[in-house]
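Structural overview
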Amino acid sequence: MIPPRLPNGRASRTRGRFVTLIALAFVLLIGARWAASLAIEYEWWKELGQLETWFDLYLYAFAPLAGATLVAFLTLWAAHSMALRFAETRLREHRTYSFLTSIGLLFIGFLISSATLDNWTVVRYAGSRTLGDAPGAFHDAVFGRPLSFYLFDLPFYDDLRRYLLALMIVSIAVYWIAARAWQLRYRFPELRDMQQIDLRFLRLTGALESRFLRGAVIVMLLAFAAKFFLGRYDMVRNDHGFMTGIDYVDANIKLPLQWLLIAACLLAAMLVSLGRWVFAAAMIIVLPIEFIVPRLVSALYVKPNEISLERPYIDTHIHATRSAYGLEQSVKEIEYKTKPVASLDPVKHKAVLDNVRLWDWRPFHDTVTQQQALRTYYVFNDTDVDRYTIDGESREVLLTPRELDIRQLPDARASWVNPHFIYTHGYGLALAPVSKVTPEGRPVYLIQNMPPEISTPSLKLTRPEIYYGEVTHEPIFVRTSQEEFNYPSGNDNKKSRYEGKGGFPISSLPMRLAAAIHEGDANILLTAYLTPESRMMIHRKILERVQELAGFLTWDSDPYMVITPEGRLVWMVDGYTTSNAHPYSRPLTLEGIGDINYIRNSVKATIDAYDGDTRLYIFDPKDPIILAYQHLFPELFHAAAEMPAGLRAHARYPETLFRVQSEIYRTYHMVNPQAFYNKEDLWDLAQYVAGQSGTPQPVTPTYVVASLPGQDKAEFLLMTSFTPRTKQNLIGVMLARCDGPSLGELDVLELSKQELTPGPMQIAASINQDQNISKDLTLWNQQGSTVLRGQMLILPGENTFL
């Protein structure tokens, strides 16, 4: 039997209700996920004590775009309304049309704003309003503008100009289309009968007399004038191959021509206001002049006399680049004449000899992984170099944390409880001095095994558990009814319960529901292991944590662990402020960062490995970028003086910044413009060979304990060395200081060009010429070992390298 059909109207209504229900369910699902994420974010930021920063981030993310969208909508709506009035009708006479077009104009306003304005450019501009002009701060040589103008003001003005220009172009289009469409509303039947489109139908009769259109064109021409005016400042980043910035042609030809373009735009705007459209259009004749004349002058006059004409501009480029990369003020260049050492005084040179690096971090890491992992699920992700006071003396050490990698436990992962409640944290670390080796060729551990065995009273561990690290999984839940795995002990496992303040409360039904939706895991809602004290931990990876907290900074990819005097484990990670807007500075491309021509190590972050407590400290209060961010986020940053002394003692010069500076310095140590132009004294990073038949590769920066010339006290330094281009003899050594108030200072030892100081490759060749040593090296390499040879020592009180 065939069921009766529903009447067409009733069936249509049923389908309509069904579609409505589906749409409503979809909207509710999206809203639930958004609300759940918002609730989890709120609790996480509350855990860090940074709710105000969270609110500020949301404000800065939406306020500039919302304000610009509103202004664009009002402008477009006014253009549309005036267009209808020009067509002799009114918006209020067409209410449905008015409503629909208003929604469309609002969307167009949003597109214009999002395409032309960068939120952070606007926000940084607002944050920089309180910055003063510090004494001795950088000012460009041509315009006399401070650095803050190029970092904050110019990008904002450029965005604002693009926004106004785009808005005026779209406003003209809206006005023209709406006015002509309404003029033709009674003639559309004629269009259907036409065999081909007559372009005369698009002509808006009387448009050139329209006040709105003339006003919009005037604003557009003023925007072009602003473009040419601001373009003068953009010249400070012109790339000329041999230099960056304003050169002779820019200063003497292009800058005056920019004023000609500005005058043409202003004159054209005045002519448009008078209705002289043809004369206004004639102003375009200045564009070919601006294109041709500078090229003629460069080819016929500048090229034959380039070095004499460009000398002052090259000098500006050299010093601006050094300033942008922190080399102008912080570098102390020392003429250093070496002499052979007759004998070593063990007493006088004790501080250096006690820290000779017998262990490189690579073989140490491999050895520790074999000896100290103890179980397959423990990993040593990275090994770092640091210094500690051991038995009253400074000792350089290698340290690597023991973290738990749940991926190495495939069977345990089969149970939902194991990764979320039981296997929650790593445990302890391995630490050994760089200068000691056992007779069996192993490290002499100062901290090893589980539970930690510490062989010196100078160190202690009260909280060896690592809940926050570089190898983590999430979410995890602590203070539950299920005990956590702490560390293995023979055939048994030691259990523990979390006693810290990390994470946020998760026991309430709304929070469990929010977490279940946020993680897409219903087990969080259904599990019976959560108690009223239970807490949920997220963002446990160090780099992810600081990126979530302050993503507007660039973070170093190599966090390192510190043992505090109280026995806690704390991660430290360096944060950088970067820009590509520094005038006259040579740009560099950094992997993971992009193009920059300015960098500062302005921030150091600390993250407690047990509690997750995260603090950001400003270490370069002269950096205008970090000062702007400090004004925007007053609760987020702390002064460097507020960092606990036990952590401050382990702050160090970051290797990433040092690599950038050494790359720049190998060219920009030449401050004589003629020598720079001809590349007369270009340096390379020294090279070394790993193994007997390896390929030469640049030396990597190395942390060492050594003393500077004229000082008897050894200190913790980061070091690299240079050779002349295509040569292998040593020509310079760059040293970054890490201790106390000297942190951030750079010393460059400039070696004599009249005397040969052997470089790493030449020393390696001398070693290979020794038959006894060469025989042993050959044997070791045949057995699969990689021999890493050599460490440079600077002896206190001696002008001597070893």
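See the structure printed just above.
My aim in this report is to walk through the structure given alongside it, one point at a time. Model, not experiment: these values are computed from the prediction. (Residues numbered from 1 in each chain as written. Predicted model: local features only at pLDDT ≥ 70, side-chain atom pairs only at ≥ 80, totals over all residues. Heavy atoms only, no water.)

1. Notes on the layout of surface pockets
Each pocket or cavity is described by its volume, and for the second largest pocket that value is around 1200 Å³. As for the second largest pocket, its lining consists of 40 residues, and the residues nearest its centre are Gln329, Arg600, Asp620, Lys622 and Asp623. The set of elements that each furnish at least two residues to the lining of the second largest pocket consists of α5 (147–183), α11 (306–324), β21 (598–608), α19 (624–632) and α21 (655–668). The biggest single contributor to the lining of the second largest pocket is β21, with five residues. Across the lining of the second largest pocket, the residue classes break down as 19 nonpolar, eleven polar and ten charged. (1 Å grid on protein atoms, 1.4 Å probe; cavity = no way out; pocket = protein on both sides within 12 Å on 5 of 7 lines; lining within 4 Å. Points joined across faces, edges and corners; volume = space filled by probe spheres on them. Helix = DSSP H or I, 4+ residues; strand = E, 2+ residues; numbered from the N terminus. Nonpolar A, V, L, I, M, F, W, Y, C, P; charged D, E, K, R; others polar.)

2. Examining empty space enclosed by the protein
Once rolled over the atoms, a probe with the size of a water molecule shows which space is left empty. Tallied over the entire structure, the rule returns one cavity of 30 Å³ or more. As a volume, the largest cavity reaches approximately 70 Å³. Around the largest cavity, the lining residues are Glu403, Leu404, Thr424, His425, Gly426, Ile466, Tyr468, Gly469, Val471, Thr472, His473 and Arg540. Within the lining of the largest cavity, the residues separate by chemical class into four nonpolar, six polar and two charged.

3. Some points on the packing of aromatic side chains
For the structure on display, the rule yields 41 aromatic pairs. Pairing Trp683 with Phe722 gives two aromatic rings, centres 5.3 Å apart and planes at 40 degrees, and the pair type is tilted. Here Trp683, found in strand β24 (residues 683–685), pairs with Phe722, found in strand β28 (residues 715–724); they are 39 residues apart in sequence, far enough to count as distant. Like Trp683, the residue Phe722 is buried in the burial classification. Here the aromatic cluster, defined as three or more aromatic residues joined through ring pairs, consists of Tyr60, Trp120, Phe552, Tyr629, Phe633 and Phe637. When the ring centre of Tyr125 is taken as reference, the NZ or CZ atom of Arg129 above it lies at 3.9 Å. Sitting above the plane of the Phe676 ring, Lys679 keeps its charged end 4.2 Å from the centroid. (Phe/Tyr/Trp six-rings, centres within 6.5 Å; stacked < 30°, edge-to-face > 60°. Buried < 20%, exposed > 50% of the residue type's maximum accessible area, 1.4 Å probe, protein only. Lys NZ or Arg CZ within 6 Å of the ring centre and 35° of its normal.)

4. What about the pattern of salt bridges?
Applying the stated criterion across every chain, the model contains 33 salt bridges. Linking Glu328 and Arg322 is a salt bridge whose minimum nitrogen-to-oxygen distance equals 3.0 Å. By relative accessible area, which is 6% here, Arg322 ends up buried. One connected set of salt bridges, linked through shared partners, spans Arg586, Glu663, Arg666, Asp684 and Arg725. (Salt bridge = Lys/Arg side-chain N within 4 Å of Asp/Glu carboxyl O.)

What is shown is where atoms sit, not what they do.
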